[in-house]
Amino acid sequence: MNNTWEILALITKRAKGDRLTKFTSLAHLLNKGFLEDCYSSLNRNKAVGIDNVSKEKYGENLDENLTDLVKRLKSKSYKPQPSKRVYIPKGDGDRRPLGNSARKYP
């Protein structure tokens, strides 16, 4: 089975069906075909990432970019940039975080 979305659906089903399941590695999914599927599913109208590279710009050398990314992922030399977090003021004077980050900010 080579279909990325079928594989992800099976992983999701397994994780939901048995909450005690521990996935030790999903690295075998990190191949060029998987990443091509992920790239093609990206919404082209979204903002650029923290690296200021748009989907279109990344896609100009997609084959080379994905080959390099797979190589770095497999060798564990890929270091993702931290996500950007900003705070948006709320009506009550508090602030709401915007951005994905596992790190907690004050």
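Computed from a prediction, not measured in an experiment: that's the story for all the values here.

**Q** For this particular structure, what's the right way to read the packing of aromatic side chains?
**A** Any pair of aromatic rings gets described here by the distance separating the centres and the angle formed by the planes. The full count for this structure, using the stated rule, is one aromatic pair. Judged by centre distance (6.3 Å) and plane angle (35 degrees), the ring pair of Y39 and Y58 falls under tilted. Here Y39 is found in helix α2 (residues 32–41), whereas its partner Y58 is found in helix α3 (residues 55–59), with 19 residues between them in sequence. Here the basic side chain of K55 rests over the ring of Y39, its NZ or CZ set 5.1 Å away from the ring centre. Sitting over the ring of Y87, R95 keeps its end group 4.5 Å from the ring centre.

**Q** Looking at this structure, I do not really get the nonpolar core. What am I missing?
**A** Among soluble globular proteins, nonpolar side chains are generally buried collectively. The biggest cluster of nonpolar side chains holds nine residues, and these are I11, L29, F34, L35, Y39, L62, L66, L69 and V70. If you list the elements that add at least two residues to this core, you get α2 and α4 (62–74). Ranked by the residues each element gives to this core, the list is headed by α4, at four residues. When neighbours within four sequence positions are excluded, L69 is seen to be in contact with L35, Y58 and Y78.

**Q** Hey, could you run me through unusual backbone geometry in this one?
**A** Glycine aside, the phi torsion of most residues is negative, and most peptide linkages are trans. One non-glycine residue, N52, lies in positive phi territory at about 60 degrees. Locating N52 in the fold gives a position in the loop between α2 and α3. Positive phi is not limited to glycine here, since K76 has a value of about 60 degrees. Residue position: K76 is located in the loop between α4 and β1 (86–89).

**Q** In this structure, what is going on with the pairing of β1? I would like to understand it.
**A** Side-chain direction in a regular strand flips from residue to residue, so the side chains alternate between the two faces of the sheet. The pairing of β1 with strand β2 (residues 95–98) spans four bridges and is classified as antiparallel. In the sheet register, P89 faces β2, and the bridge partner there is R95. Connecting the antiparallel pair β1 and β2 is a turn made up of five residues, with G93 showing a positive phi of about 95 degrees.

**Q** Looking at this structure, how should I read the pattern of salt bridges?
**A** Pairing is possible between side chains that carry opposite charge, provided their charged atoms lie close to one another. Using the criterion set out here, one finds three salt bridges in the structure. With a closest N to O distance of 3.6 Å, E60 and K57 form a salt bridge.

**Q** I tried to follow α2 on my own but got confused; where do I start?
**A** Since there are 3.6 residues in each turn of an α-helix, residues three or four apart along the chain are aligned in direction. Within the sequence span of α2, burial applies to F34, L35 and Y39. Down the axis of α2, the buried set is contained in an arc of 135 degrees. They therefore lie on one face. Where the residues of α2 are buried, they touch α1 (4–17), α3 and α4.

**Q** Explain α4 to me, please; I cannot follow it from the model alone.
**A** The terminal C-alpha atoms of α4, which comprises 13 residues, lie 18 Å apart, in line with the 18 Å expected from a rise of 1.5 Å per residue. For α4, the elements touching its buried residues are α2 and α3. Count one or two residues on from α4 and you reach K76, which has phi positive near 60 degrees.

Basis of the calculations
Residues numbered from 1 in each chain as written. Predicted model: local features only at pLDDT ≥ 70, side-chain atom pairs only at ≥ 80, totals over all residues. Heavy atoms only, no water. Phe/Tyr/Trp six-rings, centres within 6.5 Å; stacked < 30°, edge-to-face > 60°. Helix = DSSP H or I, 4+ residues; strand = E, 2+ residues; numbered from the N terminus. Lys NZ or Arg CZ within 6 Å of the ring centre and 35° of its normal. Core = buried A, V, L, I, M, F, W, Y, C linked by side-chain atoms within 4.5 Å. Buried < 20%, exposed > 50% of the residue type's maximum accessible area, 1.4 Å probe, protein only. Contact = heavy atoms within 4.5 Å. Pairing = 2+ DSSP bridges. Salt bridge = Lys/Arg side-chain N within 4 Å of Asp/Glu carboxyl O. Arc of directions from axis to C-beta. Expected span 1.5 Å × (residues − 1).

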